[in-house]
Amino acid sequence: MTLQTHKLHIPDYEQVIEVIDENVGLHAFIAIHSTSLGPSLGGIRIYPYPNKEEALQDVLRLSKAMSYKSALAETGLGGGKSVIMADPRTQKTESLLLSFAAAVDQLNGVYIAAEDVGTCAEDMIILRKRTPYVVALPTSTSSGDPAPFTAFGVFKGIQAVAQQIWGSTSLKSKKIALQGLGHVGAKLADLLFWEGAELILADIDSNLVETACRKYGARSVLPAHILETPCDIFSPCAMGGILSEETIPLLRCMAVAGSANNQLAKRTDGKLLLQRSILHAPGYVINAGGIINVSCEFDPSGYNPATARDKIAKIYDRLLLLFEQAAKEGKAPSQVADEAGEWKLLHGIGKRLAPIHFT
Ligand code: NAI
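Attention in this report is confined to the structure presented alongside it. (Residues numbered from 1 in each chain as written. Predicted model: local features only at pLDDT ≥ 70, side-chain atom pairs only at ≥ 80, totals over all residues. Heavy atoms only, no water.)

## Re the packing of helix α11 (residues 315–329) against helix α12 (residues 333–347)
Then, in step 1: In contact at an axis separation of 9 Å, α11 and α12 are set at 105° when each is read in the N-to-C sense. The angle between the axes of α11 and α12 places the two elements in the roughly perpendicular class. Of α12, the residues touching α11 (which contributes Leu 322, Phe 323, Gln 325, Ala 326 and Glu 329) are Pro 333, Val 336, Ala 337 and Glu 339.
Then, in step 2: A breakdown of the residues in the contact of α11 with α12 according to their chemical character gives 6 nonpolar, 1 polar and 2 charged. (Axes fitted to C-alpha atoms, helices over the stretch in contact; angles between N-to-C directions. Helix = DSSP H or I, 4+ residues; strand = E, 2+ residues; numbered from the N terminus. Parallel < 35°, antiparallel > 145°, perpendicular 65-115°, else oblique. Contact = heavy atoms within 4.5 Å. Nonpolar A, V, L, I, M, F, W, Y, C, P; charged D, E, K, R; others polar.)

## So, the environment of Leu 3
Then, in step 1: Within the fold, Leu 3 resides in the segment before β1 (4–8).
Then, in step 2: A relative accessible area of 11% places Leu 3 in the buried class.
Then, in step 3: In this structure, the C-alpha to C-alpha distance between Leu 3 and Ser 99, residues 96 residues apart in sequence, is 7.0 Å.
Then, in step 4: Contacts of Leu 3, omitting those with residues within four sequence positions, involve Val 19, Ile 20, Asp 21, Leu 26, Ser 99, Ala 102, Ala 103 and Gln 106. (Buried < 20%, exposed > 50% of the residue type's maximum accessible area, 1.4 Å probe, protein only.)

## Considerations on the side chain of Asn 293
Then, in step 1: One can find Asn 293 in helix α9 (residues 289–295).
Then, in step 2: With near-sequence residues (within four places) excluded, Asn 293 lies in contact with Ser 143, Pro 146, Phe 149, Tyr 303, Ala 308 and Ile 312.

## Structural notes on the sheet that holds strand β6 (residues 111–115)
Then, in step 1: What the 6 strands build is an open sheet, ordered β1-β2-β3-β5-β4-β6; its pairing is mixed. The open sheet has two free edges, formed respectively by β1 and β6, since each of these has just one partner strand. In this sheet, neighbouring strand axes are inclined to one another by 25° on average, regardless of whether the strands run parallel or antiparallel.
Then, in step 2: Taken together, the 5 bridges between strand β4 (residues 40–47) and β6 define a ladder with parallel strand orientation. Bridge pairing in β6 links Ile 44 to Glu 115.
Then, in step 3: Seen against the sheet, helix α2 (residues 94–106) touches β1, β2 (15–21), β3 (26–34), β4, β5 (78–85) and β6 and runs at an angle of roughly 30° to β3. (Pairing = 2+ DSSP bridges.)

See below:
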């Protein structure tokens, strides 16, 4: 047995586990922030972190955000996440995934894995060979790639932003600067295009930008300039931590609404957006489409994409209520969302009643 797991004691987290299997080049962390509303569920991120401290910080932040995301979306799930320190393009092997799956299996369903940046639905099929605690497989009974559902939720969230600012959900001729044309960003660009939005696109992969610009008659900007591009809505759909003391003063938009997880470098940075009168749709509220979709796998009658779509559409109402409450209390929407999430976790509001059966 070459798989080694060590428990790390991190305050405010139920379990944090370091996973090492030198034989297959596996070094990973699994963080379970909270199971107070149900078993924790969150994606596996494979990313070439420069060191283990950064990987650990990332998994802690991401798993906590999953707790809040699921609490607000009322999925009956807790918050967990995992990160594998590797380059997904060159180091993601079947033996690495299987070894990681063995570590997931040891947790007996307290952590349920799915895809995230660096993993895909096909990888979940490999994990499933070693553990039942995996969802979002590309099979007839599972929910498949969550990205289209996440993109639809972000689209509904952008409509809520438009309603809040301009009094109409119409995005016709609205300038939307989109950062990241990956699984979510590409699908969001499509939805926005057909709604009449004027797209400004950036990605570090210039091929993706070129293809999308041709497809949508869009304008491109260099990735380094997307934040300061004049637009109506800035939509971050790449990596987290992009809204900070340094970057918020550069923004030239009326709202920020995108899929990226952990957009604020610090929780308090939401206030800086409020001070600049920039409306922010908190990441874990607007990007909950993926988790809502996956949670529908646990419906007693089985997974139905139409049920998932209808639940995800409610992100529109959830955000409008949040904006209204934030305006009334003079707080940043991110602060109001954090407070609502904490309240639900503390009081078990939305707790799953029936256990999930894995086969
Ligand atoms: P992805 O890995 O498919 O796409 C990310 C894209 O961003 C890539 O095309 C990459 O080249 C680009 N990118 C990276 N750094 C960039 C930079 N500095 N400037 C411009 N482009 C850059 O990831 P995916 O699945 O589309 O997710 C995007 C974000 O949404 C991530 O933060 C993820 O955690 C979050 N998210 C994704 C969900 C999903 O269902 N896939 C669910 C909830 C959140």
